[in-house]
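Each chain is listed here by its residues.
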Amino acid sequence: MNEDSGPIFRQIAAQIENAIVDGSLDEESQAPSSNELSAFHRINPATAAKGLNQLVADGVLYKRRGVGMFVTTGAREQLLKRRRSEFADQYVRPLMTEAQKLGISTRELATMIDRWEDER
Amino acid sequence: MNAIPDAAATVTDVTMRYREHTALDGVTTSFATDGITGLLGRNGAGKTTLMQLLTGHRVPTRGRVQVLGADPYENDAVLQRICFVKEGQRYPDHFRVRDALSAAATLFPSWDEELARSLVADFELPARRQVNKLSRGMVSAVGITIGLASRAPVTLFDEPYLGLDAVARQLFYDRLIADYAENPRTIVLSTHLIEEISGLLEHVLLIDAGRVLLDSDAEDLRASAMTVTGRADRVAALGREHEMLSTETLAGSSRAVVRLSRPLDDGDLEARGLTGEPTPLQQLVITLSRHTAAAPAPDRAPDPRSADFEEVTR
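This one's a predicted model, so the numbers in the text were calculated from it and none came from an experiment.

**Q** Provide a residue-level description of the interface of chain A and chain B, including the pertinent values.
**A** With 18 residues of chain A in contact, the opposing surface of chain B contributes 19 residues. Counting residues per element, the ones that place at least two in the side of chain A that touches chain B are α1 (8–21), α2 (34–41) and α3 (45–57) of chain A. Per-element accounting of the side of chain A that touches chain B gives the leading share, four residues, to α2 of chain A. When its residues are assigned to classes, the side of chain A that touches chain B shows eight nonpolar, seven polar and three charged.

**Q** Explain helix α1 (residues 47–54) of chain B residue by residue, including any values.
**A** All names here are of chain B. The element α1 is extensively covered by neighbouring structure, given that eight of its eight residues are classed as buried. Residues of α1 that are buried: K47, T48, T49, L50, M51, Q52, L53 and L54. The positive-phi residue at the C-terminal boundary of α1 is G56, with phi of around 70°.

**Q** Quick rundown of the domain arrangement of chain A? Include the residues and the values.
**A** As assigned here, chain A comprises domain 1 (8–75) and domain 2 (83–119). The centre of domain 1 of chain A, based on its C-alpha atoms, is set 33 Å off from the matching centre of domain 2 of chain A.

**Q** Explain the confidence of the model for chain B to me, and be specific about the residues and the numbers.
**A** Low pLDDT marks stretches whose predicted atomic positions should not be read closely. Residue and element names in this part refer to chain B. Averaged over chain B, the pLDDT score is 89; the fraction of residues at 70 or greater is 91%. Predicted confidence for residues 297–314 stays below pLDDT 50, and this span has 17 contacts to residues more than four positions away or in other chains. Both scores are available for the predicted complex, with the pTM at 0.83 and the ipTM at 0.72.

**Q** Report on the sheet that holds strand β1 (residues 7–18) of chain B, specifying residues and quantitative values.
**A** All names here are of chain B. Ordered in space as β2-β1-β4, the three strands form an open sheet in which the pairing is antiparallel. One side of each edge strand has no neighbouring strand; the edge strands of this open sheet are β2 (21–32) and β4 (62–67). Neighbour to neighbour, the strand axes of the sheet diverge by 15° on average, direction disregarded. Sheet topology note: the β1/β4 ladder contains five bridges and is antiparallel. Within β4, the residue paired with T15 across the bridge is R62. Across the face of the sheet, α1 comes into contact with β1, β2 and β4 while running at roughly 120° to β1.

**Q** Talk me through unusual backbone geometry; I want residue IDs and the actual numbers.
**A** Residues and elements named next belong to chain B. Phi at D13 takes a positive value of approximately 45°, unusual for a residue other than glycine. With respect to the helices and strands, the residue D13 is situated in strand β1. Classification of D13 as exposed rests on a count of 12 C-beta atoms within 10 Å. The backbone of E159 sits at a positive phi, close to 40°, despite the residue not being glycine. Structurally, E159 can be placed in the loop between β6 (154–158) and α6 (166–182). For E159, a count of 19 C-beta atoms within 10 Å puts it in the partly exposed group.

Quick notes on the rules
Residues numbered from 1 in each chain as written. Chains lettered and ligands numbered in written order. Predicted model: local features only at pLDDT ≥ 70, side-chain atom pairs only at ≥ 80, totals over all residues. Contact = placed C-beta atoms within 7 Å. Helix = DSSP H or I, 4+ residues; strand = E, 2+ residues; numbered from the N terminus. Nonpolar A, V, L, I, M, F, W, Y, C, P; charged D, E, K, R; others polar. Buried ≥ 20, exposed ≤ 12 C-beta atoms within 10 Å, placed from the backbone. Domains from an automatic or database assignment. pLDDT = per-residue confidence, 0-100. Pairing = 2+ DSSP bridges. Axes fitted to C-alpha atoms, helices over the stretch in contact; angles between N-to-C directions.

What follows is the structure, encoded as structure tokens:
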């Protein structure tokens with residue numbers, strides 16, 4: 001497990017969220033257990049459990065006693081909503097900062113985005 | 001530092017002196033039940049001495065050591081629940097690998113024979129060969145096999161990886177984490193290969209020149225420091241609010257390891273024209289060890305022999 005982006009438990013939570021957002025982990029399907037995560041990422045099981053518990057607290061996962069953790073129905077929509085609201089902060093702001101540094105105007109930026117759409 | 005209720009082991013104001021040399025100086029700490037603690041520090045910091053005290057191999061000059069609720073020294077009830085995998089463990093001359101393992105099997109009540117067998121197979125240990133004729137790495141693998149298969153409630157590994165190649169070390173980490181997940185217990189692991197094991201640790205105890213430098217939850221620690229890069233004056237300005245542990249400057253740009261007095265997010269940093277990334281545990285340990293070496297405590301005279309001392313006492 002790399003240490004590139006913050007506490008490990010948050011990285012674990014973010015990876016499971018990603019899997020839910022991109023559809024590789026369906027709603028009502030079983031999430032990996034803390035032991036599986038621990039073995040896969042070579043991290044302490046308590047850290048893996050902390051990541052899972054955060055997702056339970058956020059309502060993304062829920063516990064079925066004695067069975068494991070499952071993806072809540074509506075979790076994907078909830079995550080998408082949150083990520084959209086974070087989009088401006090996480091992506092637009094750094095983009096604008098760099099553009100400003102280089103003297104690229106907002107108009108030029110808009111042209112770039114249009115061009116990128118056309119070329120796609 | 002803080003007393004943990006139901007700790008597996010506690011060390012209270014422990015000082016250990018050998019003739020003139022002070023190996024541990026007023027150390028107070030505890031080891032939570034069912035956790036993996038990384039015992040870190042430079043050679044001669046006192047790591048091995050601390051492990052020897054926890055395993056009843058020595059009696060402290062001053063202070064109190066409690067393991068599983070009692071003083072471990074000459075206490076069989078406690079000692080059979082402790083497994084200490086020593087660096088450079090010696091075995092009786094005639095002992096073959098299988099003899100070392102069967103001796104351990106009789107010693108530890110929670111011994112798991114099946115686990116021992118699978119580790120022997122994984123490490124490709126020759127069961128009929130004399131332990132003293134094995135390579136350094138193979139001897140380490142015998143120690144690791146005993147340490148894991150003992151399933152002892154308190155298991156200490158003192159640099160257990162000597163002579164092991166990267167593949168065998170990975171095998172050790174993988175088997176440790178898998179077995180620990182199924183059978184939680186109190187594990188103390190001293191190592192210099194910090195980067196390799198940083199993800200495994202729940203707790204970090206860093207000692208330096210016989211004193212506790214850092215005693216922290218591993219994740220809290222990760223969040224408590226950051227490596228910040230940017231224009232030298234802007235990085236320096238950060239030093240007014242946070243403790244700068246180290247700063248390097250080149251061509252008007254600085255990179256600093258910062259101990260955060262409050263969390264900084266990307267927005268905060270961006271507003272200051274800086275970028276930040278988490279400081280890897282190994283870098284943080286190096287920085288902290290150097291930081292205190294550069295500013296010694298007033299009553300701590302550096303001992304020129306301390307770096308070699310662990311070698312002498314063994």
